[in-house]
Amino acid sequence: MKIGIPKERRPLERRVAVSPETVKKFTGLGAKVVVETGAGTACGLTDDLFQAAGAEIASDAAGAIGDADMVLKVRRPMTAAEDGPDEAAIMKSGAVLVAGLDALQNGDQVKDYAAKGIVAFAMELMPRISRAQSMDILSSQSNLAGYKAVRDANEYFPRAMPMMMTAAGTVAPARVFIFGAGVAGLQAIATARRLGAIVSATDVRPATREQVMSLGAKFVAPDIEESGDGEGGYAREMSDEYKARQAEMTAKALEKTDIAITTALIPGRKAPILITAEHVKSMRPGSVIVDLAAEMGGNCELTKPGEVTVEHGVTIVGHLNVASRIAADASLLFAKNLWNFLSPHIDKETGDLKIDWEDETVTGTLLTRDGQVVHPQLKGEG
């Protein structure tokens, strides 16, 4: 089995889909691993490191994936319309593609995979089950994004975060408010607490209260009996009454907030607006908002995706692809996610790929097979 890894060509993408550790594991099972030259350079993984682990180095994308039985990527393949090599067209019919494919936002491209005979797996659709935690790219990458969000906030915040007692006077601790207590939000809480901030957090899922409080933060939620627990551990959209009460709560909280970090996402949909323009006006000058949902439009009404702006004296950070901004660790974790997903389906004696099509992690991520789109959500069944 030949496994091909091309260089990521999307803007702002610095990660790579394999690490020297996973290359060694794949080759140890008899696979041939071919990495395009420079694929890991942006995250500190040189061609020499991959070669030392047992990989071959190809001079271009065609050499890496043109005849590969399996292609591993971080992001979905480039297309000719995006001024890149049409990576799916380079792949042979019957090849297996494993990557974060943003499938729910790119249904037409999924149809192209089917038409070209590609067997595509979208890792962002990994089921939220205990057995799949080690395969979950959203969790591993969001964890790092939550950490990086606090670092970014600290960069733009004009004051210190912890309380400081000095002979010249006392420096008050920063007050941090975090929207969403998923993986990114919980890591943001932990990081802000380590830096000495006073932290509060909110989430529409009541079950997160205990997790927030266990990290030493205060849990804040509207006084209304409604749960935001959705399928698969994700949050669902709330009622208009809940949103109105939430907006009132948010307005009061933000008046006393120095740093706000938003993490709320709904799979396949535009990010919900949690901080309005009026909320921003109410915040103290010098405050910072870090919007981790910027890639899906943003949780703040004034966020400009990909930009850092100042509105009403408040700095709004809208960085895209935040995990890629900490690319070395993000790549190592991403590569391990792919290995954990694929290794149970590789025959330990022959090194051949033998996919268990009934496995829940397979049925949850499989987009296309035998020339057809097969995932229920892309067939209008879920």
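Because the structure is predicted, anything quoted here is derived from the model rather than measured.

What counts, and at which threshold
- Residues numbered from 1 in each chain as written.
- Predicted model: local features only at pLDDT ≥ 70, side-chain atom pairs only at ≥ 80, totals over all residues.
- Heavy atoms only, no water.
- Phe/Tyr/Trp six-rings, centres within 6.5 Å; stacked < 30°, edge-to-face > 60°.
- Buried < 20%, exposed > 50% of the residue type's maximum accessible area, 1.4 Å probe, protein only.
- Lys NZ or Arg CZ within 6 Å of the ring centre and 35° of its normal.
- Pairing = 2+ DSSP bridges.
- Helix = DSSP H or I, 4+ residues; strand = E, 2+ residues; numbered from the N terminus.
- Axes fitted to C-alpha atoms, helices over the stretch in contact; angles between N-to-C directions.
- 1 Å grid on protein atoms, 1.4 Å probe; cavity = no way out; pocket = protein on both sides within 12 Å on 5 of 7 lines; lining within 4 Å.
- Points joined across faces, edges and corners; volume = space filled by probe spheres on them.
- Nonpolar A, V, L, I, M, F, W, Y, C, P; charged D, E, K, R; others polar.
- Expected span 1.5 Å × (residues − 1).
- Contact = heavy atoms within 4.5 Å.
- Salt bridge = Lys/Arg side-chain N within 4 Å of Asp/Glu carboxyl O.

Visitor: Account for the packing of aromatic side chains, with residues named and values stated.
Guide: Throughout the structure, instances matching the rule amount to four aromatic pairs. Seen in terms of ring centroids, Phe 177 and Phe 179 are 4.8 Å apart; in terms of plane orientation they differ by 70°. Their pairing is edge-to-face. With respect to burial, Phe 177 and Phe 179 carry one shared label: buried. Feature note: the residues Phe 121, Phe 341 and Trp 357 constitute an aromatic cluster, connected by ring pairs. A cation sits over an aromatic face here: Arg 369 above Trp 357, 3.6 Å from the ring centre.

Visitor: Give me the sheet that holds strand β5 (residues 96-100): which residues, what numbers.
Guide: Across the sheet, which stays open at both edges, the six strands sit in the order β3-β2-β1-β4-β5-β6 with parallel pairing between neighbours. Because the sheet does not close on itself, it has two edges, and the strands there are β3 (56-58) and β6 (119-122). Neighbour-to-neighbour, the strand axes of the sheet open up by a mean angle of 20°, direction not taken into account. Bridge count for strand β1 (residues 2-5) against strand β4 (residues 70-75) is two bridges, and the pairing is parallel. Considered in β4, the bridge of Gly 4 is made with Val 71.

Visitor: Any details on the sheet that holds strand β11 (residues 218-219)? Residues and values, ideally.
Guide: With respect to topology, seven strands assemble into an open sheet ordered β11-β10-β9-β12-β13-β15-β14, the strand pairing being mixed. Edge positions in the open sheet fall to β11 and β14 (308-311), since each of these has one partner strand only. In the sheet, strand β13 (residues 288-291) pairs with strand β15 (residues 314-317) via three bridges, with the strands oriented parallel. Opposite Val 288, over in β15, you have Thr 315 as the bridge partner.

Visitor: Provide a residue-level description of the layout of surface pockets, including the pertinent values.
Guide: Roughly 250 Å³ of volume is contained in the second largest pocket. Arg 175, Phe 177, Ser 200, Ala 253 and Lys 256 are, among the 13 residues lining the second largest pocket, the residues nearest its centre. The residue inventory of the lining of the second largest pocket, partitioned by class, reads seven nonpolar, two polar and four charged.

Visitor: Can you explain helix α11 (residues 327-342)? Please cite residues and give values.
Guide: The end-to-end C-alpha distance of α11, which contains 16 residues, comes to 22 Å, matching closely the 22 Å that a straight helix rising 1.5 Å per residue would cover. For α11, the full list of buried residues reads Ala 327, Ala 330, Ser 331, Phe 334, Ala 335, Asn 337, Leu 338, Trp 339, Asn 340, Phe 341 and Leu 342. Against α1 (20-28), β4, β5, β6, α6 (137-156) and α12 (360-365) lie the buried residues of α11.

Visitor: An account of unusual backbone geometry is needed here, citing residue identities and associated values.
Guide: Even without glycine at this site, Leu 12 takes up a positive phi of about 70°. When you line up the elements, Leu 12 lands in the loop between β1 and α1. Of the residues examined, Leu 12 reaches a relative accessible area of 56% and is grouped as exposed. Although it is not a glycine, Asp 102 adopts a positive phi angle of roughly 45°. Relative to the elements of secondary structure, Asp 102 occurs in the loop between β5 and α5 (107-115).

Visitor: Summarise empty space enclosed by the protein; cite the residues concerned and give the values.
Guide: For the structure shown, the criterion picks out one cavity of 30 Å³ or more. Volume-wise, the largest cavity comes out at about 40 Å³. If you go around the largest cavity, the residues you meet are Met 70, Val 96, Phe 121, Phe 341, Leu 342, His 345, Leu 353 and Ile 355.

Visitor: Any chance you could break down the pattern of salt bridges for me, citing the residues and the numbers?
Guide: Evaluation of the coordinates by the stated rule reveals 24 salt bridges. Here Glu 21 ties to Lys 336 by a salt bridge, and the two come within 3.7 Å at their closest N and O atoms. Here Glu 21 is found in helix α1, whereas its partner Lys 336 is found in helix α11, with 315 residues between them in sequence. For Lys 92, the salt bridge goes to Asp 69, with nearest N and O atoms at 2.8 Å. Of the two residues, Lys 92 sits in the loop between α4 (87-90) and β5 while Asp 69 sits in the loop between α3 (61-65) and β4, which places them 23 residues apart along the sequence. A residue is classified by how much of its surface remains accessible, and Lys 92, at 31% relative accessible area, is partly exposed. The partly exposed category is assigned to Asp 69, whose relative accessible area is 29%. It is possible to trace a salt-bridge network through shared partners that takes in Glu 8, Arg 9, Glu 36, Lys 73 and Glu 87.

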